[in-house]
Amino acid sequence: MSATDRPVVFRNGLVLTMDDAHTVLPGADVLVIDGRIAEVGVNLTAPDDALEIDATDGILMPGMVDTHRHMWQTAMRGYGADWTLTQYFVWYYLESGKLFRPEDVYAGNLLGAIEAIDAGVTTTVDWSHGLQTPDHADAAVDALEEVPGRFVLAYGNIQQGPWEWATSPEFRDFHRRRIDGGKLAGFQMAFDVTGDPAFPERAAFEVARDLGAAVTTHAGVWGATNDDGIRLMHENGFMNPSTVYVHAATLTHDSYNRIAATGGSVSVSTESEQSAGQGYPPTWQLRHHDIPVSLSMDTSVWWSGDLFSAMRATLGADRSREHLEAHAKQETITHCHLRAEQVVEWATRGGARALGMDSTIGALTPGRQADVVLIKNDASPVMFPILNPHGHVVFQAQRGDVHTVLVGGRVVKRDGRLVGVDLAAARAKVAATIDHLRETMGEEAWQRGMNPDVPETAILENPYQYTEWDAGSAQWKH
Ligand SMILES: [Zn+2]
C-alpha cells in the first residue's frame, strides 16, 4: 500500500482492538500515519494535515480476513442458491467450468474484490481453481491488483490433477512473472487430496515446498475428501503450520489430532457447509482439539462475500450443535461455550494467523498495517444502544453499516461509498460474462442449471383427522 496517503484519525469510537487481551476502548481515537496504526487512545494529538473521521456512535475494528473464496465465481452471483455440492460439482467441474475465458475470471475476481473491501473484508484469499491456462491466471491477478485490498492468490485448476499443473513449466513461469516481487499480499497453492493410496498429489506438495508456498486444501468434505487424504499428507510429511484445511467437516478425531499436532488451521465456511453438505460446521469439534480457526464465505454463486454473515452463522451453528448434543443426552446447556468475542477474533486475528500475517494485520495495535473498519450508521435503529460490542458486531451489524474502510492507511470506502473503485466498469465486465455463458450454454441449460429438480417431500402418516376450519361460523366443519 502507498505510504504517501495522508494521516487519518478516527475520533471518539468504540474501539475493538483485537489485541491479545481483546482490549475494548470506549470513546477512543485511532491514529494512522504512513499506512500503519500509530496510536490508539483517548484524545490523541494528530498531525495538522490528518483526515479527521468522526467515529461517534460507531465501532472501530480491524479489517476482516476471508481465508477461502472462489472469487472467479462471483460473476455467477446467486445462480446456485438452491444447489447441493453435487450440483455445484456437476456445473463447474464437469459441464460449464471450462466455458470460462480469461476475461470471465477477470470479471468475477474484479467484482468479488470490490465486494470484499466494501464489506470491510480487507484481506481475501482468492481460492482460484478456475485457472485452466496461464492466461486465466494472469487475468485473475490483473483484477486483484486493480482493487485496493489485500489479496492472496491460491492457485488451482480443477481441469487438471495438481500433479499436472503444478509441475508444468507454465506454472513456474507464471510464479516467476507475477508472484515473485509482485503486488499481491501472498501466494498459496490450492488443491485437494483425494485419498488415492498412490498419493499422486505428492508432486504438487513438493513444488509448494520448493516455492515456499502454503497449501490450502478442501479436507473433510462429504463424498469428496476424507481421513485418507489427511493421513497421506501426514505420513508423507506435508502437514505444517501454514497448511489451511478448508471445511474439515467430516473428519474423525484421528485427523483432527494430526491437524492439531502439526499446527495447521481450519477455514470454516459455515453458510456453505450448512447448505451444500460438506458436513456440519466443525467449530464445535475444533474447539475441543484446540485447532486454530479462520472464517470464509466460499463462493458468491450461493452466498455473500460478507464476514458478518460468516460470524453470525458460525456462532449459531456451534451453539445449535452444542444444544442438540446435550438434548440427545437429556441434558440442558445453561452456559454457552462459544462467545461472540471469539467469533470476532476468528474473523480478524484468526485469518491473519492462518495466512502467517499476524504480525502485520488482524488487530488495531501500533505498528500494524492500518486495515481499519468503521461500523457506523446513524440512520439505523440497530446501531443503538451498543452494550455488548463484540455481540453487536456478530448479531446486530451488517455490511450496509460499514461506513469507512482503510487498507494499509488508504481510504477505500468513506461515508458508505467506495473510493477510487470503478464499479460501473466491473458491472459491464460481469454482464459480458453472463451474456457469453448464457449464449454458449443455451437458454434451456441455463435455466436448468439454476433450477434443480425438487425431490418430493413424503408427508407422514397423521393419526388425527384432517378437518376444515370455517372462518364464517368460527367452527370446525365435519
Ligand atoms: Zn471451496
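To keep things clear, this report deals only with the structure shown in the data block.

How each quantity is defined
Here the residue index of a chain counts from 1 through its sequence in written order. Local features are withheld for residues below a pLDDT of 70 in this predicted model, meaning they are given only at 70 or higher, and side-chain atom pairs are given and counted only at 80 or more; totals for whole chains, interfaces and linings count all residues. Excluding hydrogens and water, the side-chain values take into account all heavy atoms of the structure. Secondary structure elements are defined from DSSP: runs of H or I of at least 4 residues count as helices, runs of E of at least 2 residues count as strands, and each element is numbered from the N terminus. Contacts are residue-level and defined by heavy atoms, with any inter-residue pair within 4.5 Å sufficient. Metal-coordinating donors are taken as N, O and S atoms lying within 2.8 Å of the metal, or within 3.2 Å when the metal is Na, K or Ca; because water is left out, some sites can appear incomplete. Buried, partly exposed and exposed residues are distinguished by accessible area as a fraction of the type maximum, computed with a 1.4 Å probe on protein chains only: under 20%, between the cut-offs, and over 50%, respectively. Centre distance within 6.5 Å is the pairing criterion for rings of Phe, Tyr and Trp, where only the six-membered ring of Trp is used; planes under 30 degrees apart are then read as stacked, over 60 as edge-to-face, and the remainder as tilted. Pairs of strands are assigned from DSSP output, requiring at least two bridges between the strands. Axes here mean lines fitted to C-alpha atoms, for a helix over just the part in contact, with angles spanning 0 to 180 degrees between N-to-C directions. The scheme is simple: roughly parallel for angles under 35 degrees, roughly antiparallel for over 145, roughly perpendicular for 65 to 115, oblique for anything else. Gly falls in the polar group here, along with every residue not listed as nonpolar (Ala, Val, Leu, Ile, Met, Phe, Trp, Tyr, Cys, Pro) or charged (Asp, Glu, Lys, Arg). In this analysis, the expected span of each helix is defined as 1.5 Å times one less than the number of residues it contains. To get the bend at a residue, fit one axis to the 7 residues ending there and another to the 7 starting there, then take the angle between the axes. Only buried residues count toward a nonpolar core. Its members are Ala, Val, Leu, Ile, Met, Phe, Trp, Tyr and Cys residues joined through side-chain atoms within 4.5 Å.

## Looking at the side chain of T123
Mapping T123 onto the fold places it in strand β7 (residues 121–128). Filtering out sequence-adjacent residues up to four positions away, T123 remains in contact with M64, V65, D66, R150, L355, I361 and D371.

## Things to note about the coordination of the zinc ion
Within the protein, the zinc ion binds to H68 (NE2), H70 (NE2), H218 (NE2) and D298 (OD); these donor distances fall in the range 2.1 to 2.6 Å. The sequence pattern formed by the donor residues of the zinc ion is H-x1-H-x147-H-x79-D. Of this pair, H218 sits in strand β10 (residues 214–219) while D298 sits in the loop between β13 (293–295) and α11 (307–328), and the two are 80 residues apart along the sequence. Just as H218 is buried, D298 falls in that class too.

## Some points on the packing of aromatic side chains
Enumeration over the complete set of coordinates arrives at 29 aromatic pairs. Considering the side-chain rings of W83 and Y92, the 6.1 Å spacing of their centres and the 85 degrees angle between planes classify their relative orientation as edge-to-face. Taken as a pair, W83 and Y92 share a single burial class, namely buried. With centroids separated by 4.9 Å and ring planes inclined at 20 degrees, the aromatic side chains of F205 and F238 adopt a geometry described as stacked. Taken as a pair, F205 in helix α6 (residues 202–211) and F238 in the loop between α7 (227–235) and β11 (244–247) lie far apart in primary sequence, 33 residues in all.

## Some thoughts on the sheet that holds β7
Strand order in the open sheet made by the 8 strands is β6-β7-β8-β9-β10-β11-β12-β13, with parallel pairing throughout. The open sheet is flanked by β6 (64–69) and β13, the only strands paired with a single partner. Averaged over all adjacent pairs, the angle separating strand axes in this sheet is 25 degrees, with direction ignored. By the bridge criterion, 4 bridges tie strand β8 (residues 150–155) to strand β9 (residues 186–190) in an arrangement that is parallel. Considered in β9, the bridge of V152 is made with G186. Its contacts with the sheet put helix α3 (residues 134–146) on β7 and β8, and the angle it makes with β8 is roughly 170 degrees. Across the face of the sheet, α6 comes into contact with β9 and β10 while running at roughly 170 degrees to β9.

## Observations regarding the packing of helix α12 (residues 340–354) against helix α13 (residues 389–396)
Relative orientation of the contacting elements α12 and α13 amounts to 70 degrees, with a least axis distance of 8 Å. Between α12 and α13, the crossing angle belongs to the class labelled roughly perpendicular. The segment α12 lies against α13, with A340, E341 and V344 engaging H390, G391, V393 and V394. Residue composition of the contact of α12 with α13, grouped by class: 4 nonpolar, 2 polar and 1 charged.

## Here we look at the pairing of β6
In summary, the side chains of a regular strand alternate between the two faces of the sheet. Burial runs high along β6: 6 of the 6 residues are buried. As defined by bridge partners, β6 adjoins β7 across 4 bridges and the pair is classed as parallel. Bridge pairing in β7 places M64 opposite V121.

## Digging into α12
The end-to-end C-alpha separation of α12 is 20 Å, in line with the 21 Å expected for 15 residues at 1.5 Å each. The sharpest bend along α12 reaches about 45 degrees and sits at W346. With 12 of its 15 residues buried, α12 lies for the most part within the structure. Taken together, the buried positions of α12 are occupied by A340, V343, V344, E345, W346, A347, T348, R349, G350, G351, A352 and A354. Just downstream of α12, G356 is the residue with a positive phi angle, here 70 degrees.

## Here we look at the nonpolar core
As a rule of thumb, soluble globular proteins bury nonpolar side chains together. Grouped together as the largest cluster of nonpolar side chains are 103 residues, with contacts concentrated most on M189 and M311. The dominant element in this core, judged by the number of residues it contributes, is helix α2 (residues 102–118), at 7 residues. Ignoring sequence-local partners within four residues, the contact set of M189 consists of Y155, W165, A166, F171, A204, V207, A208, L211, A213, A214, V215 and T216. By size, the runner-up hydrophobic cluster in this structure holds 18 residues, among which are A28, I53, L60 and L406.

## Focus: the side chain of R349
With respect to the helices and strands, the residue R349 is situated in helix α12. What makes R349 buried here is its relative accessible area of 4%. Setting aside anything within four residues of it in sequence, one finds R349 in contact with M18, D19, D20, D358, G362, A363 and R368.

## Things to note about the packing of α11 against α13
Across the interface, α11 lies against α13 with an axial gap of 7 Å and an inter-helix angle of 100 degrees. Regarding the angle of α11 to α13, the classification is roughly perpendicular. In this structure, α11 uses F308, M311, R312, L315 and R319 to contact α13, whose residues at the interface are V393, V394, F395 and Q396. In terms of residue class, the contact of α11 with α13 is made up of 6 nonpolar, 1 polar and 2 charged.

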